[in-house]
Amino acid sequence: MSRTRTLLEQHSVVDLFTLVYVAVDDYLQYSLEHHRYVLPESSDQKASYSELMTISLMGDLLAEPYSGDWFVWVKHEYAPLFPRLPDVTRYYRVLCNLERIFADFALVLANSLEDDTTYSIDSKPVPICKYKRRKHPRAQGEAARGYGTQGAVFGFKLHAVINNAQMVCRFAVVPANFADATLGKALLHPEYDELERVLGDKAYLGTGAWTPPKSNAKQPGPWTLWMDNARKLIETVFSSLTRKGHLVLGQLNSFRSVRAKVCRKIAAHNFVRWLGL
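Treat the numbers as computed from the prediction; the structure is a model and nothing was measured.

Points about the nonpolar core
- Counting residues in hydrophobic clusters, the biggest one holds 76 residues, and the most contacted among them are L28, I55 and L158.
- Per-element accounting of this core gives the leading share, nine residues, to helix 10 (residues 255-275).
- If near-sequence neighbours (up to four positions away) are discounted, I55 is found in contact with F17, W70, F71, V74, F82, L85 and Y91.

With respect to the packing of aromatic side chains
- Evaluation of the coordinates by the stated rule reveals 12 aromatic pairs.
- For the ring pair Y27 and F105, a centre distance of 5.1 Å and an interplane angle of 55 degrees mean the geometry is tilted. One end of the pair, Y27, is in helix 2 (residues 13-33); the other, F105, is in helix 6 (residues 99-111), with 78 residues separating them in the sequence. Accessibility assignment for this pair places Y27 and F105 in one class, buried.
- Through successive ring pairs, a cluster of aromatic residues spans F17, W70, W73, Y78 and F82.
- For R259, the ring lying beneath its charged end belongs to F255, and the centroid distance is 4.9 Å.

Quick look at the pairing of strand 2 (residues 144-148)
- Across five bridges, strand 2 lies against strand 3 (residues 151-162) in antiparallel orientation. Within strand 3, the position partnered with A144 by the bridge is G155.
- What sits between the antiparallel neighbours strand 2 and strand 3 is a turn of two residues.

Quick notes on the packing of helix 3 (residues 49-61) against helix 5 (residues 88-97)
- Two elements in contact, helix 3 and helix 5, have axes separated by 11 Å at closest approach and are oriented at 95 degrees. As far as their axial angle goes, helix 5 and helix 3 are roughly perpendicular. Contact residues: Y49, L52, I55 and S56 in helix 3; Y91, V94 and L95 in helix 5.
- Of the residues belonging to the contact of helix 3 with helix 5, the class tally is six nonpolar, one polar and no charged.

Scoring rules and cut-offs
- Residues numbered from 1 in each chain as written.
- Predicted model: local features only at pLDDT ≥ 70, side-chain atom pairs only at ≥ 80, totals over all residues.
- Heavy atoms only, no water.
- Core = buried A, V, L, I, M, F, W, Y, C linked by side-chain atoms within 4.5 Å.
- Buried < 20%, exposed > 50% of the residue type's maximum accessible area, 1.4 Å probe, protein only.
- Helix = DSSP H or I, 4+ residues; strand = E, 2+ residues; numbered from the N terminus.
- Contact = heavy atoms within 4.5 Å.
- Phe/Tyr/Trp six-rings, centres within 6.5 Å; stacked < 30°, edge-to-face > 60°.
- Lys NZ or Arg CZ within 6 Å of the ring centre and 35° of its normal.
- Pairing = 2+ DSSP bridges.
- Axes fitted to C-alpha atoms, helices over the stretch in contact; angles between N-to-C directions.
- Parallel < 35°, antiparallel > 145°, perpendicular 65-115°, else oblique.
- Nonpolar A, V, L, I, M, F, W, Y, C, P; charged D, E, K, R; others polar.

Below is the structure:
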């Protein structure tokens, strides 16, 4: 059964809006009260940040592929819930500006689970075009050529660490030519929070993660069938982000837009896992 069908069978759309809004607003109020960041306010501001984040997350929860179309539909069909919404271009700008807020919301959800867990690390290409069209003029000067399991790509890569609950607890979006080992060392750096039992593939040898041993290793480390299956959980997460979250769908005009979109998709994914779905 699809995630959207499961959500709609358990809750009405209005109830889902309310559920998401309460979670987002509580998070924002707590963060503002504890001075984690400051959000600009304007006397003529249409809609609160909680409302705009709620609309965005709801679109991702219901697997809506086009955020602009979704926003316009909500503006017309759910006017009693959101009586003062801005135009769609303003909505796009606010979502980009809330990039770090969405990322922090996702990590807060992931870190809300306090248990002894095993982590997995891997990377996922986020192409901005088909590889054959890579030489066409583009605004994303940071995009680069890289390689994934399905061959050459042009664009960026999402590097992520997940926990047992399949929630993303660390991630980074970088040009596609960055080496997995380089990003692995950064994501697993002990100055953030030392993670034990991080599982990765052979690309993460030397990063501190447990990996399958090389075929010619003189002293191969432990690697069991259980560890191999546990590591593959992150591939399930990437599959969900791609199929249900439409991670690689749509043309974006800047690296900032790509980062903001990835942060929103991960926030929505973690929220679904937080709900237990």
